[in-house]
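Secondary and tertiary structure notes
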Amino acid sequence: MKISIITVVLNRKDSILRAMNSVINQKYENMEYIVLDGGSTDGTFELLKFYEDKIDILKSEKDRNLYDALNKAMKLSSGDIIGFMHSDDYYYDDNVLFEVSEKFKKSDFDLVCGGIKYFGEDKISRKIPSMEINMRNLLLGRLPPHPAIFFKRKVYNELGGFDDNLTIIADFDWCVRVAKKGFKTITLDKYIYFMRIGGESTLTLQNSLKRAKEYVKVAMRYNIFLLFSFMIKGARKLLKIS
């Protein structure tokens, strides 16, 4: 069972090596590592080129946004399982991919979800435990961040990638599709991923307004009521609860 891990990066020279080492130091050997650079100008790509022998696919090209870059990388992947490692982040330990693979091998589930710890200034600021992807959780504002999700290729083949016209909640939209399609999720009941606070989804007034507009768009697309979910998810972030 091959696992494809995808990293997309733009101007992260100071953190990309930690993320990369977190992937290439995994004890699980049947792995494909894909890194797409979005046209960095700070020396990130030159640094990655130095470690090119550790990376299966390394490319640098412009993209529209994070989700566009992830979609491009997924098209290049060949693994039976797909997962993500963002350029500021790292895995909990070097057994994560082995444990994920064992979950898949011992079940007929389509996705495996683990827990995430958010950090900033090297302090843990928030924790999101592992949870299933289903409509009940989504409508209650409970969404596993996409780096904590590993999924079979058949999920990608049937659903496609992220809607890159959504710049903040494309992962939410994708999870709604997962739930509506009836794909089955099993949880890995441990924290597997450290994620740096920040990025497009950071709770600012501007991003909150943008997020609200995107929630409305998704709600209309699937004919579901998401205002309650939006309010709960915002409150969870403010209160730093899962």
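For the structure, check the block above.
Read on for an overview of the structure. Small disclaimer: the values here were computed from a predicted structure and weren't measured. (Residues numbered from 1 in each chain as written. Predicted model: local features only at pLDDT ≥ 70, side-chain atom pairs only at ≥ 80, totals over all residues. Heavy atoms only, no water.)

Considerations on the side chain of aspartate 163
Mapped onto the elements of the fold, aspartate 163 is located in the loop between helix H6 (153-159) and helix H7 (170-181). For aspartate 163, a relative accessible area of 13% puts it in the buried group. A distance of 2.8 Å separates polar atoms of two side chains, one belonging to aspartate 163 and the other to arginine 221. Apart from the residues lying within four places of it in its own chain, the contact partners of aspartate 163 are Ala170, Asp173, Arg177 and Arg221. (Helix = DSSP H or I, 4+ residues; strand = E, 2+ residues; numbered from the N terminus. Buried < 20%, exposed > 50% of the residue type's maximum accessible area, 1.4 Å probe, protein only. Polar contact = N/O pair within 3.5 Å; in protein donor to acceptor, adjacent residues only side chain to side chain. Contact = heavy atoms within 4.5 Å.)

A short note on the pattern of salt bridges
Think of it this way: side chains of opposite charge can pair up when their charged atoms draw near. In the structure shown here, the tally under the stated rule is 16 salt bridges. For glutamate 52, the salt bridge identified is with lysine 49, shortest N-O distance 3.3 Å. Among the residues examined, glutamate 52 registers a relative accessible area of 34% and is labelled partly exposed. (Salt bridge = Lys/Arg side-chain N within 4 Å of Asp/Glu carboxyl O.)

With respect to the nonpolar core
Most often, soluble globular proteins have nonpolar side chains that are buried together. Of all hydrophobic cores here, the largest spans 37 residues; its most connected members are Ile6, Leu111, Phe151 and Trp174. Broken down by element, the residue count for this core peaks at seven residues, all from H7. Dropping the residues within four chain positions of it, tryptophan 174 is found in contact with Leu111, Ile149, Phe151, Val155, Leu159, Gly160, Gly161 and Phe162. Of all hydrophobic cores here, the second largest spans 34 residues; its members include Val23, Leu58, Tyr91 and Ile116. (Core = buried A, V, L, I, M, F, W, Y, C linked by side-chain atoms within 4.5 Å.)

Focus on helix H4 (residues 96-105)
Three or more residues of H4 are buried, namely Val96, Leu97, Val100, Ser101 and Phe104. Down the axis of H4, the buried side of the element spans an arc of 130°, and every buried residue falls inside it. (Arc of directions from axis to C-beta.)

Some remarks on the pairing of strand E3 (residues 57-60)
Looking at chain direction, strand E2 (residues 31-37) and E3 are connected through four bridges and run parallel. Note on E3: the bridge partner recorded for leucine 36 is lysine 59. Crossover handedness for the path E2 to helix H2 (residues 44-50) to E3: right-handed. (Pairing = 2+ DSSP bridges. Right-handed = clockwise from strand over helix to strand, strands pointing away.)

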